[in-house]
Structure formats: C-alpha cells, structure tokens
Amino acid sequence: MAATTYERLKLHITPEKFYVEACDDGADDVLVIDRVSTEVTLSVKKDIPPSAVTRPIFGILGTIHLVAGNYLIVITKKTKIGEFFNHVIWKATDFDVLSYKKTMLHLTDIQLQDNKTFLAMLNHVLNVDGFYFSTTYDLTHTLQRLSNTSPEFQEMSLLERADQRFVWNGHLLRELSAQPEVHRFALPVLHGFITMHSCSINGKYFDWILISRRSCFRAGVRYYVRGIDSEGHAANFVETEQIVHYNGSRASFVQTRGSIPLFWSQRPNLKYKPLPLINKVANHMDGFQRHFDSQVIIYGKQVIINLVNQKGSEKPLEQAFATMVSSLASGMIRYVAFDFHKECKNMRWDRLSILMDQVAEMQDELSYFLVDSAGMVVASQEGVFRSNCMDCLDRTNVIQSLLARRSLQAQLQRLGVLHVGQKLEEQHDFEKIYKNAWADNANACAKQYAGTGALKTDFTRTGKRTQLGLVMDGWNSLIRYYKNNFSDGFRQDSIDLFLGNYSVDELESHSPLSVPRDLKFLALPIIMVVAFSMCIICLLMAGDTWTETLAYVLFWGVASIGTFFIILYNGKDFVDAPRLVQKEKMD
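Residues numbered from 1 in each chain as written. Predicted model: local features only at pLDDT ≥ 70, side-chain atom pairs only at ≥ 80, totals over all residues. Heavy atoms only, no water.

**Thoughts on the pairing of strand β6 (residues 59-66)**
With seven of eight residues buried, β6 is to be regarded as a mostly interior element. Both β6 and strand β7 (residues 69-84) contribute to a ladder of seven bridges, which runs antiparallel. Looking across to β7, one finds that L66 is bridged to G69. As consecutive antiparallel partners, β6 and β7 are separated by two residues. (Buried < 20%, exposed > 50% of the residue type's maximum accessible area, 1.4 Å probe, protein only. Helix = DSSP H or I, 4+ residues; strand = E, 2+ residues; numbered from the N terminus. Pairing = 2+ DSSP bridges.)

**Comments concerning the packing of helix α6 (residues 284-299) against helix α7 (residues 315-328)**
Closest axis-to-axis distance for the α6/α7 pair is 11 Å, and the angle between their directions is 75°. The angle between the axes of α6 and α7 places the two elements in the roughly perpendicular class. Within the contact between the two elements, α6 uses H284, M285, F288, Q289 and F292 and α7 uses F321, M324, V325, S327 and L328. In the contact of α6 with α7, the residues fall into seven nonpolar, three polar and no charged. (Axes fitted to C-alpha atoms, helices over the stretch in contact; angles between N-to-C directions. Parallel < 35°, antiparallel > 145°, perpendicular 65-115°, else oblique. Contact = heavy atoms within 4.5 Å. Nonpolar A, V, L, I, M, F, W, Y, C, P; charged D, E, K, R; others polar.)

**Thoughts on α6**
Its 16 residues place the ends of α6 22 Å apart at the C-alpha level, agreeing with the 22 Å of an ideal helix rising 1.5 Å per residue. Taken as a whole, α6 has its buried residues at H284, G287, F288, H291, F292, Q295 and Y299. The arc enclosing the buried residues of α6, seen along the axis, measures out at 120°, which places them on a common side. Once α6 finishes, G300 follows within two positions and takes phi at roughly 95°, a positive value. (Expected span 1.5 Å × (residues − 1). Arc of directions from axis to C-beta.)

**Focus on a nonpolar patch on the surface**
There is a patch of nonpolar side chains on the surface, built from L468, V471, M472, W475 and L478 and spanning about 550 Å² of accessible area. Here M472 is to be found in helix α13 (residues 467-486). (Patch = residues over 30% accessible without salt bridge, like charges linked within 9 Å, V, L, I, M, F, W, Y side chains within 5 Å. Areas by Shrake-Rupley, 256 points an atom, 1.4 Å probe, with all protein chains shown as cover. Salt bridge = Lys/Arg side-chain N within 4 Å of Asp/Glu carboxyl O.)

**Details of the packing of helix α10 (residues 394-415) against helix α11 (residues 428-449)**
At a minimum axis distance of 10 Å, the contact between α10 and α11 shows a crossing angle of 145°. As for how α10 packs across α11, the hand of that crossing is right-handed. For the pair formed by α10 and α11, the contact residues are N397, Q400, S401, A404, R405 and L408 on the first element and F430, E431, Y434, K435, W438, N441 and A442 on the second. The residue inventory of the contact of α10 with α11, partitioned by class, reads six nonpolar, four polar and three charged. (Left-handed = near helix turned anticlockwise from the far one by under 90°.)

Without other data, these values stay purely geometric and don't point to any function.
Given below as structure tokens:
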C-alpha cells in the first residue's frame with residue numbers, strides 16, 4: 001500500500017448513509033458509513049445513490065461518539081502552506097461535524113444540553129489554529145527518522161507509519177485504523193506550526209522550513225497540565241525541526257521542549273502566579289527515567305537547558321530537576337541551568353550570549369542531519385537540546401531560535417550558500433524572515449497551551465527588547481490571567497474529549513457536566529461587584545454632610561474589600577476547573 005491518502009474527495013449524504021468518494025485519477029473507491037449501524041465498508045462509485053446530497057471535502061478527521069450518538073468530522077476548507085520536496089502541505093481551516101442521527105427526539109432535556117456542550121467543546125478545539133496535513137508526505141517524522149527506515153515502512157499507509165505522539169486525530173480515526181483496506185481515507189493530522197519560505201542569500205536560492213509538532217500525550221492547558229504522567233509523557237511537549245533544502249541537499253536541526261519532568265502541579269487559584277507544588281509521595285525517579293529513556297531512544301543524547309528562576313517559587317523545581325539528573329547519572333544526559341530572568345534583567349538581552357557560549361561545544365558535538373543530492377547521509381544529529389522554562393513557551397522559544405540560528409549558520413556555510421566569514425545576522429532580508437517565523441512559532445505554541453500569544457516576541461522579531469514589547473507582554477499576561485482562571489476548565493475538557501481521554505457514555509446516570517457549583521461561587525462575586533458599585537455611587541452622590549458620605553463609603557468599601565479577600569482566600573473554588581477528567585489524579 002502506497003504511503004498516500006486520497007486528496008480529492010466528495011461527500012454524498014443520504015438519510016441512511018454517508019458516502020465518501022475518492023476523486024483522484026483512476027480511483028473508484030467509496031467509503032460507506034452506515035448512519036444506523038455505524039458500520040464502515042468499502043464500496044465503488046456505482047453504489048452512490050443519485051438522490052444523495054453532494055459536497056466537496058478535503059479530508060476525514062474522524063468520528064466521535066457523543067450523547068446523541070456518533071458524529072463524522074470532515075475538513076471543509078484548507079489553505080496551502082507550501083511544497084515540501086514536491087509534496088504539498090496544507091493547513092485545515094474549517095471543519096464540519098455531522099450527526100449520524102437524523103433527529104434528537106430520543107434525548108431528554110438534560111441529554112440535549114449535555115450534547116450541546118460536548119459539541120461546543122469539540123468545535124472549540126477545531127477552532128484553535130494549527131492543524132496541518134499532507135496527503136503524500138509523513139509530517140509526523142523528522143528527516144533523520146525518515147532516512148533510516150525499512151522498505152516495509154515505506155509501503156505502510158500514512159496512518160500506520162505515523163509517529164503517534166503527533167497524530168492529533170488518532171482517537172478520532174480509531175474505527176478507520178482498525179480496517180487497513182480503508183486507510184487511504186484516514187488522514188493523520190498534525191497540531192502545531194509550519195511555515196515555509198523560499199529564500200536567497202548571495203544569489204543562491206534555498207527553501208527554509210520550520211515545523212513544530214505538539215504531542216497529544218499529556219496535552220492540555222497551562223495550569224491544569226504540568227510535569228509528567230506515570231508513563232513519562234511531559235506536558236506541552238513540542239518537537240521543533242528546522243529544515244534547509246538547497247540544490248537537492250537537505251539539512252535538519254531538531255530541538256525539543258517539555259515541562260519539567262517531575263510530578264508537580266500549579267493549580268489556578270486567582271493569584272497572578274500560583275505556587276508550584278512538587279508531589280511529595282510520587283516516585284519521581286520512575287517517571288523521570290521513563291521520560292528520558294524514551295527521549296534517548298528517539299533522539300540520542302540530551303542536553304537539558306533549564307531556564308527557570310533560581311530563586312523564589314521556581315527555585316525548588318530547578319533544584320529538584322538538577323538533583324534528579326545527578327541521581328540518574330547517565331552519560332547521555334547533560335544539565336545546564338540558566339536563570340533567564342536574572343541574567344537578562346534590565347533588558348540586558350545581550351547576555352544570552354553567555355548561554356550560547358556555554359553550550360557551543362555541546363552543540364557542535366550534537367551536530368545536525370545532512371543528506372546530499374545523491375541521497376547519501378553526510379552527517380547525523382547525535383542528540384537534541386531539551387529546553388524548558390515554567391510554561392515552555394516564551395523563554396524557551398527565545399533560546400531555541402538562537403540555537404537554531406547557530407546550526408543554520410553552520411549548515412549554510414557547509415552547503416556553500418554563505419561565504420567564508422559571512423554571518424547570518426548580516427543577511428538582513430533573510431534575518432527578517434527568520435525572526436518573524438520564530439516569533440510566529442512562539443505565538444502558535446503559546447495560543448495552543450496558554451490561550452494567548454507569546455511574550456518576549458519583540459526580541460525574537462527584532463533582536464531587541466522594546467518598551468512597546470513590554471506593554472504588549474503586560475496585555476497578554478492580563479489575558480492569560482483571565483483565561484487561566486475563568487475559561488481553562490472548559491478548554492481542558494475540550495482537549496480531553498477530542499483526544500479520547502474522556503469518552504461519552506449516554507447511559508451514565510450522573511453527567512459530569514451537571515455538577516452544581518457552590519452557591520458562593522455565584523453569590524460572592526456579585527456581592528463584591530454590588531458593594532464596590534455602591535461605594536462609587538456614594539462618592540458620586542455625596543450626602544448633606546461628609547460624615548454621612550464617609551460612613552457609607554467606608555461601609556461599602558469594607559464590604560467590597562472583605563468580599564474580595566474572601567474570594568482570594570478561597571480562590572480555587574472560583575476558578576473554572578475541568579469536569580470530565582480529574583487532573584489531580586494525573587499529577
């Protein structure tokens with residue numbers, strides 16, 4: 001079976017069945033989904049009823065079971081990102097969720113409401129930017145992994161050969177994956193960021209590509225998914241690959257990021273920066289070793305760059321991480337701690353050169369992947385930098401962009417694009433492309449995990465820290481605070497539903513969505529707002545004497561401030577917490 005999926009599809013809908021017709025040249029296959037029995041079969045074009053309602057689609061994302069029954073999710077719009085070694089890469093930009101059922105009359109009012117909520121969760125995930133696919137190329141693997149494969153691997157379908165860490169619709173495709181004969185309809189979809197640019201330096205044209213692959217294992221949102229799980233999967237794990245294609249030669253440099261691989265949590269509680277808590281009873285070494293065993297098998301040597309603060313609330317995590325690395329005593333793992341905020345305070349971002357100088361020899365040792373125009377492997381990457389801060393977003397992205405530039409400098413010199421003595425930083429047209437792409441990568445990863453664009457992107461885009469950048473960071477931090485406290489529970493539930501961490505059971509006697517909120521959850525914020533409003537009204541409508549006015553202001557002021565501190569003290573009761581999967585059990 002060739003490693004491709006059908007590119008051109010038509011969806012034919014009848015009251016009884018969905019027919020997905022393959023419209024590629026020479027294709028006669030039709031995927032038939034029975035809307036009553038949910039059976040999936042392979043048929044031919046002559047079996048499509050003339051009465052069917054027809055529409056074009058660009059891929060099947062999969063199927064999911066909700067309260068009302070099964071739903072088919074299809075890609076209805078796509079945007080071309082570019083071409084990757086003559087393979088077209090697409091971004092899925094719109095989807096449709098189609099019910100197998102023709103009516104909802106079989107549902108109670110509570111079931112209808114639950115089904116509506118589940119559909120809203122599903123659409124929330126689908127509306128998060130960053131779903132990419134190719135019908136002819138395996139986007140889930142790095143160039144180096146693809147270069148070291150067997151003939152049998154090459155004959156596998158895209159779904160079979162995909163790295164399951166990065167197939168975000170793996171759960172949705174479970175029914176199709178069980179039937180190899182329909183795999184050409186099963187489209188693996190990546191979540192993350194991809195950008196491609198045709199560039200020129202010294203009159204020499206090359207393609208420069210940046211791919212970030214988000215893992216679907218231990219996926220979630222900022223404060224509800226931290227650290228690792230029992231299998232060693234790290235939260236917010238992202239594999240980022242930078243690729244150069246010049247005159248048939250291909251070069252690649254891979255980095256990873258992921259949450260500090262310990263069992264720790266940082267629950268939102270209305271405080272601006274909740275206190276991180278390390279689990280005191282968990283077997284940290286077991287999870288830690290599982291994590292790095294898998295990383296070494298996949299990537300080779302590990303150079304950890306830990307960018308968290310070495311004082312304050314982040315200090316215990318840095319110390320614990322360093323202790324675990326020391327205890328593991330593996331020659332494959334090195335540990336570098338760099339207090340990003342301390343070293344770069346007062347906008348001294350030039351001091352990042354200290355870290356770059358410190359790891360330069362290690363980077364040369366790790367090298368990069370290079371294959372020449374004849375297909376011969378000239379150089380292999382022997383390991384990766386595994387960078388992290390608390391969120392693995394803002395500080396991490398800055399450092400990754402600097403490491404990637406240093407690797408790119410060496411690659412372009414070796415390929416003959418850069419002359420001896422030329423610096424990449426001096427190529428202003430390319431530098432603009434490079435910096436903006438890495439800033440866009442930062443924004444994509446941040447929106448997917450924290451709900452807002454990244455911080456510190458002014459430095460990534462311009463090479464300088466600016467006052468405007470500080471203002472924008474403040475604004476994004478404010479939006480993050482609101483989302484992390486008041487909407488991330490819904491976001492986490494949405495991801496858990498989409499990835500199959502929670503499965504809907506319509507026979508469940510007690511819906512997790514119907515958990516009643518404590519009365520104070522609604523009452524206290526209202527009391528605080530009313531009290532504060534009355535305080536302002538008393539000031540604006542002063543009475544006959546200032547004594548009377550002051551008495552009213554003091555009364556309502558004390559009431560509003562007192563209520564505020566009650567809310568703050570009981571902060572965890574007022575945040576929007578997940579309801580489908582109990583995250584406490586996963587930490």
